[in-house]
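# Structural overview
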Amino acid sequence: MASKGAMSRNRIYHSRFAIARKGANEMTRPRVMKLMESAVSNPLVLVVAGAGYGKTRAVHSFLRNYDALTTWVQLSERDNIGLRFWENFIHTVSLYNDDVAARLEECGFPDTDEKFARFVTIPEDKISSSGRYVMVFDDFHLISDRSVLRFIEMSVNMLFPNFTTIIISRTEPDINAIGLLSKGYVVRISEDELRFTEKETDEYLGTLGINLSAQSSAAVYEDTGGWAFAVSLMGLSLQKDKGYESYSRSAMKLNIFKLIEHEVFLHMSERLRRFMIRVSLIDHLSSELIRILAHDDSLVEEMTGLNSFVRYDAYLDAYLIHHLFLAFLRQKRDSLTDDERRDTYVKAAQWCEMNDYKFDAITYYERAGNYNAIINIISNVSVAAPRDLAKFALGIYENSPREHLVEHAKFHTHHIRLLISLGRLDEALAEANDKVRCFADLPPNEYNNRVLCGAYRAICLIGWLALPSTDRCDFDVSMERSNHYYKLSPFTMNAVMNSCHVGPWASMVGTPRAGAMEEYINALERMVPYSVNAFNGSMYGLDDLARGELFFFRGDLKNAAKFAAIAYHKAIELGQYEVRNRAVFYMLRIRVAQGDMSGIRTALENLSAQLEIHEYYYRYPTYDIATSWYYSLLGVPRHTAAWLGENFAETSFDSLLADFAKLVKAKMLCALGRYHELLSFIGLGHAPNSVLFGRVEIKAMEAVALYQTDERKSAFAALEEAYETAYTNELVMPFIELGKEMRSLVSAASKSDDCKIPGKWLDLIGGKSAAYARKVAFVISEYRKENNLDEAVKLSRRETEVLSDLYQGFSRSEIAANRNLSINTVKSVLNMVYAKLGADNVADAIRLALEKNLI
């Protein structure tokens, strides 16, 4: 399907419940349009004024005729939930580009540095060097959530070329734009600029057929103060009473809501009054939903007659209502009956659910008291869901009347599942055991059987997750019981439930005890058939993955490849996306260790193939993680995911996936020789080490990092600890994969009295790590040949200037200031230099450039 971005550039793409301003605000004033034209050439425009000054109308009128691709994000108070804001943002973007919207959805709400770094690459890929782009955030004053404010703040400061952000707010935006202000990149439009002049007031009244005397005109301007909303109301009054000195002037001095009631509300039919009050209950004003609520096209037509306060926008296919009129209507909500409220909320919720506004659908269903619908939506929240989504769903459950929820068997298991998603395993286990105690002795029926099926599955899952600390491989018994109750009352499992979530390793064994690995795999082999039967294929292939993984860590690459392939094909058969991804990741590691370029290409293709599976929620991050390991090993950091390369903070991923990211982050730092960063990363407790494989991998990397930073005695101690943790289970691959750096370490250790590791083991690891290093060198050589990295290099004038400035000791920020460039442009230029030279960092680029006489 063609990208929607190919549409006309001066079209404005709004979020679904934008609130527009009408009446006098709609009048196009050349003075304001000229001001907007000057302002929009800057990266940031702040339009700050009180209610009714025509802020939105001024911006909208200008942008409709401005040659730019404009995205308009209408904010509301409910956007103070990060995920709800992100849902709103994505739907707005989807109006012009489905591909970008899909990638934003996969990225997730960028509430951490690494997720924001990942987010940045998405618009960078789509924003061309030609044409202009405008992003509008309207009603910004409604936002107080720090995560949402921080996202917008960081977005504003990105300084993409040809990109302008416009913030419309009643109060000063609570964001840090000091850097932009200091460079003169911010324009502020205030009430003084938006206020009607006396001449503009006369011109507007003239369009209504009202011609006042000079004295009356001056009085109108004095009383309205140029406030657009007041000017609009004045026009309504004067159309009825042409003499301003009489009724109109005294009416103008009444409370504004009283004026709306007298001039507008009391002139509406009774059915329109009630309908407008119902409309004020919701934020979505789609024409489709409005027609659903009205049941009568004549009522909709009557509503559009309120053209000073309500209008239809064809671009939005929605009705837009002035904020002050909306606030007035909301004061009348108590006049609605309970049935009217409930009917409005249910219909709005159904429309939201059909159009994929899940957060708003849940909110409206909650207001309507429709808990069955809430449970059905929340049932699609996976155990591996992002923590913020799980937290939102759990909050809905815990704030809802329990007597309504317990009528549904799904509620019991969903509540436990959300606790597991949030890492509250003790609470989840206590609740699951409580369900077993309460329901096991009750007469068997479909409700009781479904509760027990879910409860035992939760106990199994909790036992599996807790295995690193418990060393108990009896979790399969609970899955057997779960399957027993499923067979008594079979039911259809939601598709989202069938995907097994896996961390960096298929194994969850934490103890180095000999034989523990085999016990675990045997338990998996007993458990998986029950899980596959009762839960629509869940965990299919996990036992084969775990067996192949053990072979890999023991250095038996032939058998590792065999079982990884079995796991891969099983995962494809029954849609086990995480099992499939990890199986391919092991295949990639195996083929690198074998120096098999054909196998490497196949593995990379298989990783890319998962990007086409839109049902796989985490397809982008898992692809980033796996490929970043490969490209960092090749010494090509420009092809690694930027979000993994930045300062690492806890992600909002499922905790197992977060551990996968952390493991590869550590491997990247080690492969790229960033040893001090690696030691800091480990020291801060970021590196995952609860599982045995993780402890060995991390400790081996720590030993190499210590040795490379001249901490020899500490390096030998770390190596000895890694050896002692690994040898009972014959784990060698964590050492071998460290290549020539491990070869240097074990060589030095074999000659040192400080190291107590048997010489035979050191010799074995030394030989195998050296052989691995040769395979990696071959892969790097082939990669460089395939990508023409050894051909003659030509740098552009700007690339030469930036690299020369760096050579002379200037910082990136100094180069940006001296050459009138943005810091992002400097970074982009440097990335291009790295790509051309095959460099890893600035020092490497300067060295290569000097060798090639480029600077």
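Refer to the structure above for everything that follows.
A brief structural summary. Sequence order as written defines the numbering, with residues in each chain counted from 1. Reporting of local features is limited, given that this is a predicted model, to residues whose pLDDT is at least 70; pairs of side-chain atoms are given and counted only at 80 or more, and all residues count toward the totals for whole chains, interfaces and linings. The basis for every side-chain value is the complete set of non-hydrogen atoms in the structure, without hydrogens or water.

Here the focus is the overall build of the chain. Looking only at helices and strands, one finds 45 helices and eight strands in the chain. Think of it in three bands: residues with accessible area under 20% of the maximum for their type are buried, residues over 50% are exposed, and the middle band is partly exposed, with areas taken using a 1.4 Å probe on protein chains only. Here the chain holds 855 residues, and 58% of them are scored as buried. Each accessible area is a Shrake-Rupley estimate made with a 1.4 Å probe; only the visible protein chains count as cover when residues are assessed. Just so you have it, the chain exposes about 34700 Å², and 49% of that area is on carbon and sulfur atoms. Working definition: helices are DSSP H or I runs of at least four residues, strands are E runs of at least two. Numbering for both runs from the N terminus.

Once that is clear, we can look at the nonpolar core. By convention a nonpolar core is built from buried Ala, Val, Leu, Ile, Met, Phe, Trp, Tyr and Cys residues, the set being connected through side-chain atoms within 4.5 Å. Ranked by internal contacts, the top residues of the largest apolar core, which has 243 residues, are Phe89, Met276, Phe325 and Tyr520. It only takes one pair of heavy atoms within 4.5 Å for two residues to be counted as in contact. In contact with Tyr520, other than residues within four places in its own chain, are Trp464, Leu467, Cys473, Phe475, Ala506, Ser507, Met508, Val509 and Ala546. Core analysis: the second largest hydrophobic core is formed by 22 residues, Met36, Ala49, Tyr53 and Leu63 among them.

The topology assignment puts Asn376 in helix α20 (residues 371-378). Spatially, the C-alpha atom of Asn376 lies 9.9 Å from that of Ile362, the residues being 14 residues apart in sequence.

Glancing now at the side chain of Glu737. Topologically, Glu737 is positioned in the loop between α39 (733-736) and α40 (739-750). When its relative accessible area of 9% is taken as the criterion, Glu737 is described as buried. Distance and chemistry together define a polar contact, namely a pair of N or O atoms within 3.5 Å, with one atom able to donate a hydrogen and the other to accept it when in protein, and with adjacent residues in sequence counting only for side-chain atoms on both sides. Reaching out from Glu737, the side chain makes a polar contact with the side chain of Arg589 at a distance of 2.6 Å. Beyond its immediate sequence surroundings of up to four residues, Glu737 is in contact with Phe552, Arg589, Trp629, Lys667, Glu697 and Tyr772.

Another aspect to go through is the environment of Leu848. Within the fold, Leu848 resides in helix α45 (residues 842-851). Sequence separation between Leu848 and Leu837 is eleven residues, and the spatial gap between their C-alpha atoms is 6.8 Å.

Below, the discussion takes up the packing of aromatic side chains. The pairing test for Phe, Tyr and Trp rings, Trp by its six-membered ring, is centres within 6.5 Å, and the orientation test on the planes gives stacked under 30 degrees, edge-to-face over 60, and tilted for anything in between. Across all of its chains, the model carries 34 aromatic pairs by this definition. Seen in terms of ring centroids, Phe553 and Phe693 are 4.0 Å apart; in terms of plane orientation they differ by 0°. Their pairing is stacked. With a gap of 140 residues between them, Phe553 in helix α29 (residues 542-553) and Phe693 in helix α37 (residues 692-708) connect regions that are remote in the sequence. Linked through ring pairs, Phe85, Trp86, Phe89, Phe109, Phe116, Phe119, Phe137 and Phe151 together constitute an aromatic cluster.

This part covers the pattern of salt bridges. By definition, a salt bridge exists where a carboxyl oxygen of Asp or Glu is found within 4 Å of a side-chain nitrogen of Lys or Arg. This structure, assessed with the given rule, holds 41 salt bridges. Ionic pairing is found between Arg547 and Glu525, a salt bridge with its closest N-O pair at 3.0 Å. Note that Arg547 is positioned in helix α29 and Glu525 in helix α28 (residues 516-534), a separation of 22 residues in sequence. For Glu737, the salt bridge is made with Lys667, and the minimal N-O distance between the two is 3.8 Å. Of this pair, Glu737 sits in the loop between α39 and α40 while Lys667 sits in helix α35 (residues 655-671), and the two are 70 residues apart along the sequence. Of the two residues, Glu737 and Lys667, both sit in the buried class.

Its place among the elements puts Arg674 in the loop between α35 and α36 (675-683). Accessibility expressed as a relative area gives 28% for Arg674, which makes it partly exposed.

A separate point is unusual backbone geometry. For Met539, which is not glycine, the phi dihedral falls at a positive 75°. In this structure, Met539 sits in the loop between α28 and α29. With relative accessibility at 6%, the residue Met539 sits in the buried group. Positive phi is not limited to glycine here, since Asp710 has a value of about 65°. Along the chain, Asp710 turns up in the loop between α37 and α38 (712-726).

What follows is about the packing of helix α33 (residues 619-633) against helix α41 (residues 759-786). Contact geometry for α33 and α41: axes closest at 10 Å, N-to-C directions at 95°. Between α33 and α41, the interaxial angle falls into the category roughly perpendicular. Residues Trp629, Tyr630, Tyr631 and Leu633 of α33 lie in contact with α41, whose contacting residues are Tyr772, Val776, Val779, Ile780 and Tyr783. Note on geometry: axes are C-alpha line fits, over the in-contact stretch for helices, and angles between N-to-C directions span 0 to 180 degrees. When describing relative orientation, an angle under 35 degrees is termed roughly parallel and one over 145 degrees roughly antiparallel, while 65 to 115 degrees is termed roughly perpendicular and anything else oblique.

The next point concerns α36. Burial in α36 covers these residues: Tyr675, Leu678, Phe681 and Ile682. Within α36, the buried residues cover an arc of 120° as seen down the axis, which keeps them to one side. Among the exposed residues of α36, those oriented more than 90 degrees off its buried face are His676 and Gly683. Taken together, the buried residues of α36 touch α35, α37 and α40. Gly685 occupies a position one or two residues after α36 and carries a positive phi of about 80°. Taking the helix axis as origin, the arc is that swept by the directions to the C-beta atoms.

This brings us to the pairing of strand β2 (residues 44-48). Burial runs high along β2: five of the five residues are buried. Along β2, one buried face is formed by Leu44, Leu46 and Val48 and the opposite face, lined by Val45 and Val47, is buried too. Sheet analysis places β2 next to strand β5 (residues 163-169), joined by five bridges and oriented parallel. Across the sheet, Val47 pairs through a bridge with Ile168, a residue of β5. Following DSSP output, two strands are said to pair if at least two bridges run between them. As paired strands, β2 and strand β6 (residues 186-189) are joined by four bridges and run parallel to one another. Paired with Leu44 across the strands is Val186, a residue of β6.

This brings us to α35. Compared with the 24 Å implied by 1.5 Å per residue over 17 residues, the 24 Å span of α35 between its first and last C-alpha is a close match. Most of α35 is tucked away: 14 of the 17 residues are buried. Following α35 by one or two positions, Gly673 has its phi on the positive side, about 75°. Working rule for helices: expected span equals 1.5 Å times residues minus one.

What follows is about the packing of helix α27 (residues 475-488) against α28. Viewed as axis vectors pointing N to C, α27 and α28 meet at an angle of 15°, and their least axial separation amounts to 9 Å. Judged by the angle between their axes, α27 and α28 are roughly parallel. Judged by the sense of rotation from one axis to the other, the crossing of α27 with α28 is left-handed. Contacts between α27 and α28 pair Phe475, Asp476, Met479, Glu480, Asn483, Tyr486 and Lys487 from the former with Tyr520, Ala523, Leu524, Arg526, Met527, Tyr530, Ser531, Asn533 and Ala534 from the latter. Here a crossing is taken to be left-handed if its near helix is turned anticlockwise relative to the far helix by less than a right angle, and right-handed if that turn runs clockwise.

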